[in-house]
Amino acid sequence: MENVKNILLSKRAKAGLLLSSIVASGSSFAADYTTEIGTAVSDGTTNYGAVIAGVITVAAIGFAIGMIVSKLNK
């Protein structure tokens, strides 16, 4: 029975050491992504502006073609 207790204590100590090393190393893997996030936001804003300009252009062209067709029908 004493042998089983020693094994369990040894396993618990090893598990505690493993857990503490994982927690300690977790902060070293954390990286600062603020510049990448800022770049992504800037790119998203640029793409959004391009999409809005494209939608307005397509609507204007469709309106102009509709006006031309309606004038040619008269």
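As a starting point, this report considers the structure included with it.

What counts, and where the lines are drawn
Every residue gets a number counted from 1 within its own chain, in the order that chain's sequence is written. The predicted nature of this model means local features are confined to residues of pLDDT at least 70 and side-chain atom pairs, given and counted, to a pLDDT of 80 or more, with totals for whole chains, interfaces and linings taken over all residues. Computation of side-chain values covers all heavy atoms of the structure but excludes hydrogens and water. The way it works is that DSSP assigns letters per residue, a run of H or I at least four long becomes a helix, a run of E at least two long becomes a strand, and they are numbered from the N terminus. For every accessible area listed, the method is Shrake-Rupley and the probe measures 1.4 Å; residues are considered covered only by the protein chains on display. Polar contacts, as used here, are pairs of N or O atoms within 3.5 Å; protein pairs need one atom able to donate a hydrogen and one able to accept it. Residues neighboring in sequence count only if both atoms are side-chain atoms. Residues forming no salt bridge and having over 30% relative accessible area are the ones grouped into patches, like charges within 9 Å of each other and nonpolar side chains (Val, Leu, Ile, Met, Phe, Trp, Tyr) within 5 Å. Definition used for salt bridges: Asp or Glu carboxyl oxygen within 4 Å of a side-chain nitrogen of Lys or Arg. For every residue, the accessible area obtained with a 1.4 Å probe (protein chains only) is divided by the maximum for its type, and the residue is called buried under 20%, exposed over 50%, and partly exposed between those limits.

**Points about the overall build of the protein**
Reasoning step 1: Check the secondary structure of the protein and you find two helices and zero strands.
Reasoning step 2: Surface summary for the protein: the accessible area is close to 6,600 Å², and the carbon and sulfur share equals 72%.

**Some remarks on the environment of T35**
Reasoning step 1: In this fold, T35 is placed in helix α2 (residues 34–73).
Reasoning step 2: Of note is the side chain of T35, whose polar atom sits 3.1 Å from the side chain of E36.

**Considering a nonpolar patch on the surface**
Reasoning step 1: Taken together, the side chains of Y33, I37 and V41 define a hydrophobic patch exposed on the protein surface, amounting to about 330 Å² of accessible area.
Reasoning step 2: We classify Y33 as exposed; its relative accessible area is 51%.

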